[in-house]
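# Per-entry structural report
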Amino acid sequence: MTRVTSSLDRRSFLRFSAFAGVALGGTGALAGCGKSASSGDANGSSADGSRYGTVAVQLSWLKNIEFVGEYFADSRGYYRDAGFGHVNLVAGGAASTSVEAGLDTGKIWIGMSAPQTTAPAVLQGLPAKIIGTTYQKNPFCIVSPAAKPIMSPPEMKGRKIGVQDTNQLIFDALLSANGMSPRDVQVVPAQFDPTPLANGEVDGWVSYLTNEPITLAAKGFRTAHFLFADYGLPLTAETLTVRQQTVDSERDKLKAFLTAEIKGWKDAVADPAGGARLAVDVYGRDQRLDPTQQTQEAKAQNDLVVSDDTRANGLLTMTDQLIAQNIEALAKAGITIKPEKLFDLSVLRELYSEHPELK
């Protein structure tokens, strides 16, 4: 197992643990009033001469292929062209605070998170909104051997499924969404290294589509999978999250940033190999990333970024139906919140209305 796989496993822990409340910390941590990390003036110019100055953008994990749209936006000057002097891409990771905590303290201006992480923070008092999403589908999946595939939740009945402790809540939500109970499967406590699946100790494994299936394939182990999103839990991921104040007072600045993001992600979708080179050689060069693996992850990621809805409405968008589905999925995980309290797609919709050429 490569060094990057170890990093991805820790990433999985942080992401999945959000369902168990681990990533949020104490309930009092999100009650303050932070100021967005930005050195620019939306009505004038900044010290560096740009319109919007420098902004801090927190990624949800270490600098790997997952943020290739941001790499293209930065390296090809889309952020600069949009009016930013500099966009500081702040890596997440095991030692970092959550995006929600960063927004609360004002250390970041915008961040990449997930509904299941942001919703509890909002319910605890953080004035924040999800304004768009990179992934139309969350990468949660059940991976299984190609020789004995599990292609739907009912096919898990009576089978041994490796479930990490921090993933138990979302796995239970998957069962509930499909009329099943924990008694229907044999849950095997697991860590994040999928070797027990390859060894035949379990029949299925709670996984991330862009992680375990690819690392197992690199070892010559053929797999099959199904996405939680296709079976009752259509949560999005890599959601763009800001403070409510930013939505209210910095709409032009947000539109400028989103313009650069859209251009960057259009390039990323079109050029997986080029994106992998940026991740391996430039932005994630200290991670010792494997170029072949990063290219494969970029291709798998494209299936999560692009959908029929984004082809019609533009990248990063969410339809009202998808928002409603996310609210329902959160409820199945025990998180009850109104859509208008968590989502605000008005800025992005205004942008595409004003600039339909971005679609």
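Now for a quick tour of the structure. Fair warning: this is a prediction, and the values are worked out from it, not measured in the lab. (Residues numbered from 1 in each chain as written. Predicted model: local features only at pLDDT ≥ 70, side-chain atom pairs only at ≥ 80, totals over all residues. Heavy atoms only, no water.)

## Considerations on the overall build of the chain
Here is the rule we go by: A helix here means a DSSP run of H or I that spans at least four residues, while a strand means a run of E at least two residues long, and both kinds are numbered starting from the N terminus. The classification of residues rests on relative accessible area computed with a 1.4 Å probe and restricted to protein chains. Under 20% of the type maximum is buried, over 50% is exposed, and intermediate values are partly exposed. For this analysis, residues touch if any pair of their heavy atoms sits within 4.5 Å. Only the protein chains shown count as cover for residues, and all accessible areas are computed by the Shrake-Rupley method using a 1.4 Å probe.
Scanning the chain for helices and strands turns up 16 helices and 10 strands. By the burial criterion, 58% of the 359 residues in the chain qualify as buried. Counted over contacts in the chain with a minimum sequence separation of 6, partners at least 24 positions apart contribute 80%. Surface accessibility of the chain: about 14100 Å² in total, with carbon and sulfur atoms responsible for 49%.

## Focus: the pattern of salt bridges
Operational definition: In the sections that follow, a salt bridge refers to a side-chain nitrogen of Lys or Arg positioned within 4 Å of a carboxyl oxygen of Asp or Glu.
What the rule picks out here adds up to 9 salt bridges. The salt bridge involving Lys-255 is made with Glu-354; its shortest N-O contact spans 2.9 Å. Here the residue Lys-255 occupies a position in helix α10 (residues 251–270), and Glu-354 occupies one in helix α16 (residues 346–354), the gap between them amounting to 99 residues. Each of Arg-251, Lys-255, Glu-350 and Glu-354 takes part in one network of salt bridges that share partners.

## Concerning the sheet that holds strand β5 (residues 140–145)
Heads up, the rule is: At least two bridges found by DSSP between two strands are what make those strands a pair. Inter-axis angles, ranging from 0 to 180 degrees, are taken between N-to-C directions of lines fitted to C-alpha atoms, where helices are fitted over the stretch in contact.
Read across the open sheet, the 5 strands follow the order β7-β6-β8-β5-β9; overall the sheet is mixed. Every interior strand has two partners, whereas the edge strands, β7 (186–190) and β9 (223–227), have only one. The sheet shows a mean angle of 35° between the axes of neighbouring strands, direction not considered. Where strand β6 (residues 160–164) meets strand β8 (residues 204–208), 2 bridges bridge the pair, whose relative direction is parallel. Bridge pairing in β8 links Ile-161 to Gly-204. Each of β5, β6, β7, β8 and β9 touches helix α6 (residues 168–177); the most contacted strand, β6, lies at about 135° to it.

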